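Secondary and tertiary structure notes
Here is what each chain is made of, one letter per residue.
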Amino acid sequence: MKKKLLFVILTLLLSLVVVACTQDDTNKNETEDPENEVEESAEDSEQDEPSEEETPTLDQEQAKEVLNEYQDKFMSVIENTEDDGALTDYDSKESLKEEFTTIMSEELADSFVAHYFEEDNDKVYVVSTEAPVWFEEDSDFSFEQVNDVEYEITQERSNELIGNVRMTYVITSTDDSWIVNEVRSEDLNGENYENGEDEEQASDESNTDDNPETDTSEITDTTAEDLVRNHLNISQNSDIHVVMDHKNDDGNFVVQVYELVSNGETSHTATIGWYIVDQDDGTVEEMM
């Protein structure tokens, strides 16, 4: 009897020990689970956070590549023509604009298409005129970052046709590439004579009967032509023609500068440039 009682007691004690150990393991697991949940939550949160996009940057070599591609795009278009001057690869100005917008803004593409091409009978023809003022890679230039997505290359150019100008090429970032957004031209002839009396006197002395000073109090067609002549230093007896063509939507004068080119018994006009004369103050600006 005593042995049975002792056996029962030992069995009960063993059962209590087993239950106690099981309870400890359960409590321990419950204590560790919240920590694991916190760690997992933190890891999920880190994965969910969006990564910061890197701001695109442009160095000088890349900028030169963009401007070279900008020039190559235009030249490749006008060099592929038929005998009558019609483009071989484009049958509308719209398709031509679409091609240009791969390297330039829509506004600049519109300007190029309007100035250098004409559409007739489902064909696009090259207008006989001067080429744009291109960036010269081997000449001095300045390179400036305007903001995170815009850069400017500035270069001074000088020749008989364009005079002395400062060209500014604005390059901006699009979704996946860099394009030429804008091209500005600043005439430096006037600027050279604004820094002192000596320059003003030199400018006055340089005026001759061929380029008389123009009165801008009342601007007429003839006045606009004279203003462009003075702007380009073209004398009255020059073979270069300066003709007021029309007025634009703002009421300003649009003047064409061209030469007559003879081909045997026939001749055609070769446009040197188009210029806008402000109807109010007579300032002259080249159409880009």
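For the structure, see preceding data.
What counts and what doesn't
Residues numbered from 1 in each chain as written. Predicted model: local features only at pLDDT ≥ 70, side-chain atom pairs only at ≥ 80, totals over all residues. Heavy atoms only, no water. Helix = DSSP H or I, 4+ residues; strand = E, 2+ residues; numbered from the N terminus. Buried < 20%, exposed > 50% of the residue type's maximum accessible area, 1.4 Å probe, protein only. Contact = heavy atoms within 4.5 Å. Pairing = 2+ DSSP bridges. Axes fitted to C-alpha atoms, helices over the stretch in contact; angles between N-to-C directions. Parallel < 35°, antiparallel > 145°, perpendicular 65-115°, else oblique. Left-handed = near helix turned anticlockwise from the far one by under 90°. Nonpolar A, V, L, I, M, F, W, Y, C, P; charged D, E, K, R; others polar. Salt bridge = Lys/Arg side-chain N within 4 Å of Asp/Glu carboxyl O. Expected span 1.5 Å × (residues − 1). Core = buried A, V, L, I, M, F, W, Y, C linked by side-chain atoms within 4.5 Å.

A closer look at the side chain of Thr 172
By the secondary structure assignment, Thr 172 is in strand 5 (residues 163–173). Thr 172 sits in the buried class, given a relative accessible area of 12%. Beyond its immediate chain neighbours, meaning those up to four positions away, Thr 172 contacts Val 149, Glu 150, Ser 177, Trp 178, Ile 179 and Asn 181.

Considering the sheet that holds strand 4 (residues 150–159)
If you trace the four strands from one edge of the open sheet to the other, you get 3-4-5-6, paired in antiparallel fashion. On the outer flanks of this sheet lie strand 3 (142–147) and strand 6 (178–187), each paired with one strand and no other. Between one strand axis and the next, the sheet turns through 25° on average, direction left out of account. Taken together, the five bridges between strand 3 and strand 4 define a ladder with antiparallel strand orientation. Looking across to strand 4, one finds that Ser 142 is bridged to Thr 154.

Overview of the packing of helix 3 (residues 93–100) against helix 4 (residues 106–116)
Viewed as axis vectors pointing N to C, helix 3 and helix 4 meet at an angle of 135°, and their least axial separation amounts to 9 Å. With respect to helix 4, the element helix 3 is oriented oblique. For the element pair helix 3 and helix 4, the recorded crossing hand is right-handed. Residue-level inspection shows Lys 93, Leu 96, Lys 97 and Phe 100 of helix 3 in contact with helix 4, the latter providing Glu 106, Ala 109, Asp 110, Phe 112, Val 113 and Ala 114. Split by residue class, the contact of helix 3 with helix 4 holds six nonpolar, no polar and four charged.

Description of the pattern of salt bridges
This model, assessed by the stated rule, comprises ten salt bridges. A salt bridge links Arg 166 to Glu 156; the shortest N-O distance between them is 3.6 Å. One end of the pair, Arg 166, is in strand 5; the other, Glu 156, is in strand 4, and ten residues separate them in sequence. Owing to a relative accessible area of 51%, Glu 156 belongs among the exposed residues under this scheme. Two residues, Glu 182 and Arg 184, come together in a salt bridge whose shortest N-O distance is 3.5 Å. On the accessibility criterion, Glu 182 (32% relative accessible area) is partly exposed. What makes Arg 184 partly exposed here is its relative accessible area of 33%. Each of Lys 97, Glu 106 and Asp 110 takes part in a single network of salt bridges with overlapping partners.

Notes on the side chain of Thr 168
Along the chain, the position of Thr 168 falls in strand 5. Setting aside residues up to four positions removed in sequence, Thr 168 forms contacts with Glu 152, Ile 153, Thr 154, Glu 182, Val 183 and Arg 184.

Some details on helix 6 (residues 221–232)
Compared with an ideal rise of 1.5 Å per residue, which puts twelve residues at 16 Å, helix 6 spans 17 Å between its outermost C-alpha atoms and is within 8% of the ideal. Here helix 6 has its buried residues at Thr 223, Ala 224, Glu 225, Leu 227, Val 228, Arg 229, His 231 and Leu 232. Asn 233 lies just past helix 6 and shows a positive phi near 55°.

Some points on the nonpolar core
Tyr 70, Leu 96, Phe 100, Phe 112 and Phe 117 are the most contacted members of the largest nonpolar core, which has 33 residues in total. Taken together, the elements giving at least two residues each to this core come down to helix 2 (60–79), helix 3, helix 4, strand 4, strand 5 and strand 6. Beyond its immediate sequence surroundings of up to four residues, Phe 100 is in contact with Lys 73, Phe 74, Val 77, Ala 109, Phe 112, Val 113 and Phe 117.

Distances and angles like these do not, on their own, reveal function.
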